[in-house]
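# Understanding the architecture of this molecule
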Amino acid sequence: MKNILLLITIVLSANLSAQDFDKQKLDSFFKLIESNQKGMGSISIFENGKETYHNAFGFASKEDNKMATDKTKYRIGSVSKTFTASIILKLIEEGKLSLTTKLSDFYPKIKNAQIITIEQLLKHRSGIFNFTSAEGFTSWMEDPISKDDLVNKIAANGSIFEPNDKFEYSNSNYVLLSFIAEKIQNKVFPQLIKEMVCKPCNLQNTYYGSKISTANNEAKSYTKSNDWQLATESDMSIPQGAGAIVSTPNDLNEFLNCLFSYKIVSEQTVKAMMEIEDGYGLGMFQVPFYDKKAFGHNGAIDSFQSNAYYFTVEDVSVTFMANGLAMPINDIMIGALSIYFGKDYTLPEFKETAAIILKSGDLDKYLGVYSSPNFPLKVTITKKENVLVGQATGQPSFPLEAYETDKFQFSQAGLNLEFIPRDNKMILIQGGGEFELIKE
């Protein structure tokens, strides 16, 4: 699933060509990230259907002193949506469903269900409110929930625009799609993933997740404050087909190659998935890479982040999974692909800055709820001992590091917060955008 506030859209700029690459430089890049505690995770690159590079670094479980390896599995978040879309589209190919089938055939109590289509759910054009953005979501996201109760929560939030008026990302769409697939096949979604995707693609390390098991080579996720801190752990009864899959980078590249080799659905269906409207197709994004383009998805759940993209013309796929980042994932992708494809790239210098140590009482002037008519979410600022903590509406909390007087950052998302206590203001800066929020 995605965090609205923390969403980083990948826009890469490099020239792509099949060639030998500087493996030593690529290894050095990830060693720098690891040694400077800027990230933990695993990357795999495929070319012509075969793995040409892999690197795993950092902890899979810091508490157990267990390091990541090529066998480590990660929660992939919204990359799960491409799996779900593939399953739904396969059912359409089998004549059990159609793109014009109405949601009311399955869930008539959802607002506008009588006019919302399967296609609109797939393309995030239904207007159904994103339940993970609801106020109070973080208070129950770590607890099990029944399917009926989850549907009731989605229904209770209503709609925010008329179906097909526009695109707006909503995890609710893909939760409902996974439940629809279950109803049609009379099988639970974990079984559908296994039978309809993992089996034809021979995926050995991909499945619907449950409680994290380090004994099963599953990674925990972490946020970075002064050190790596264990993150929240969403109960997997909640994300469903919107974000509940666990996998490895190698397996996700196998999945992408399988999908684009038409082993799950037909060539015609894959081409339909790639038809982008308002930035999104049928379960996938298009990602620019200079004059090239790739298709796939990104994902975030708890402190896991993932990118999985396939360059159709070049037959290259790249999957990066992280279970802890203290720098934007986009910077890692740009660095890795620039090195892989032989572009001019200077390895980053992570300059050490003197830590600003604040006492708990020093943080009181920043505490409160900040909002603006020009910003879609409220941002609540609290503290945990001597660490300032931010949380946007319906999103997980994140620790903030002080880097100057009244200035804090959350590096993994490229987020900066600049407080003006005397005016009860906060300036939020991210991705080139700047927003002034007022303390309520």
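Here we summarise the structure given alongside this text. Computed from a prediction, not measured in an experiment: that's the story for all the values here.

As a further point, take the sheet that holds strand β9 (residues 245-247). Adjacent strands of a sheet form backbone hydrogen bonds with each other and so pair up, either parallel or antiparallel. If you walk across this open sheet you meet the three strands as β5-β9-β6, and the pairing is antiparallel. Edge positions in the sheet fall to β5 (74-75) and β6 (207-208), since each has one partner strand and no second. In this structure, β6 lies alongside β9, joined through two bridges in antiparallel fashion. Bridge pairing in β9 links Tyr207 to Val246.

Compared with an ideal rise of 1.5 Å per residue, which puts 15 residues at 21 Å, helix α5 (residues 171-185) spans 22 Å between its outermost C-alpha atoms and is within 8% of the ideal. Summarising burial for α5: 12 of the 15 residues are buried, a large majority. The set of residues buried in α5 consists of Asn171, Ser172, Asn173, Tyr174, Val175, Leu176, Leu177, Ser178, Phe179, Ile180, Ala181 and Glu182. Buried residues along α5 sit in contact with α2 (80-93), α3 (118-122), α4 (147-157) and α6 (189-201). Where α5 ends, the next residue or the one after it, Asn186, has phi of about 55°, a positive value.

Interhelical geometry of α4 versus α5 gives an angle of 140° and a closest axis separation of 11 Å. Overall, the two elements α4 and α5 adopt an arrangement that is oblique. Considering how the two elements wind past one another, α4 and α5 form a crossing that is left-handed. Contact residues: α4 offers Lys147, Leu150, Val151 and Ile154, while α5 offers Ser172, Val175, Leu176, Phe179 and Glu182. Of the residues in the contact of α4 with α5, the class split is six nonpolar, one polar and two charged.

For the rest of this paragraph, the subject is the environment of Val287. Looking at the element boundaries, Val287 is found in strand β10 (residues 285-289). The class of Val287 is buried, set by a relative accessible area of 5%. Linking Val287 and Arg125, residues 162 residues apart in sequence, is a C-alpha distance of 20 Å.

Right, let's get into the nonpolar core. Counting 103 residues, the largest nonpolar core has Phe30, Leu103, Tyr107, Ile118, Leu122, Leu259 and Phe320 as the members making the most contacts within it. Not counting the four nearest positions on each side in its chain, Leu259 is found in contact with Thr82, Ser86, Ile264, Val265, Val270, Met273 and Met284. Leu363, Phe375, Phe398 and Leu415 belong to the second largest nonpolar core, which has 21 residues in total.

A side chain with one charge may pair with a side chain of the opposite charge, provided their charged atoms come close. In the structure shown here, the tally under the stated rule is 24 salt bridges. Of the charged contacts, one joins Glu168 and Lys166 as a salt bridge, the two residues approaching to 3.3 Å between their closest N and O atoms. Residue Glu168 is classed as partly exposed on the basis of its relative accessible area of 32%. The closest approach of N and O atoms between Lys425 and Glu436, which form a salt bridge, is 3.6 Å. Taken together, the residues Lys425 in strand β20 (residues 425-430) and Glu436 in strand β21 (residues 433-439) connect sequence positions 11 residues apart. Residues participating in the shared-partner salt-bridge network are Glu119, Lys123, Arg125, Glu277 and Asp278.

Rules of the game
- Residues numbered from 1 in each chain as written.
- Predicted model: local features only at pLDDT ≥ 70, side-chain atom pairs only at ≥ 80, totals over all residues.
- Heavy atoms only, no water.
- Pairing = 2+ DSSP bridges.
- Helix = DSSP H or I, 4+ residues; strand = E, 2+ residues; numbered from the N terminus.
- Expected span 1.5 Å × (residues − 1).
- Buried < 20%, exposed > 50% of the residue type's maximum accessible area, 1.4 Å probe, protein only.
- Contact = heavy atoms within 4.5 Å.
- Axes fitted to C-alpha atoms, helices over the stretch in contact; angles between N-to-C directions.
- Parallel < 35°, antiparallel > 145°, perpendicular 65-115°, else oblique.
- Left-handed = near helix turned anticlockwise from the far one by under 90°.
- Nonpolar A, V, L, I, M, F, W, Y, C, P; charged D, E, K, R; others polar.
- Core = buried A, V, L, I, M, F, W, Y, C linked by side-chain atoms within 4.5 Å.
- Salt bridge = Lys/Arg side-chain N within 4 Å of Asp/Glu carboxyl O.

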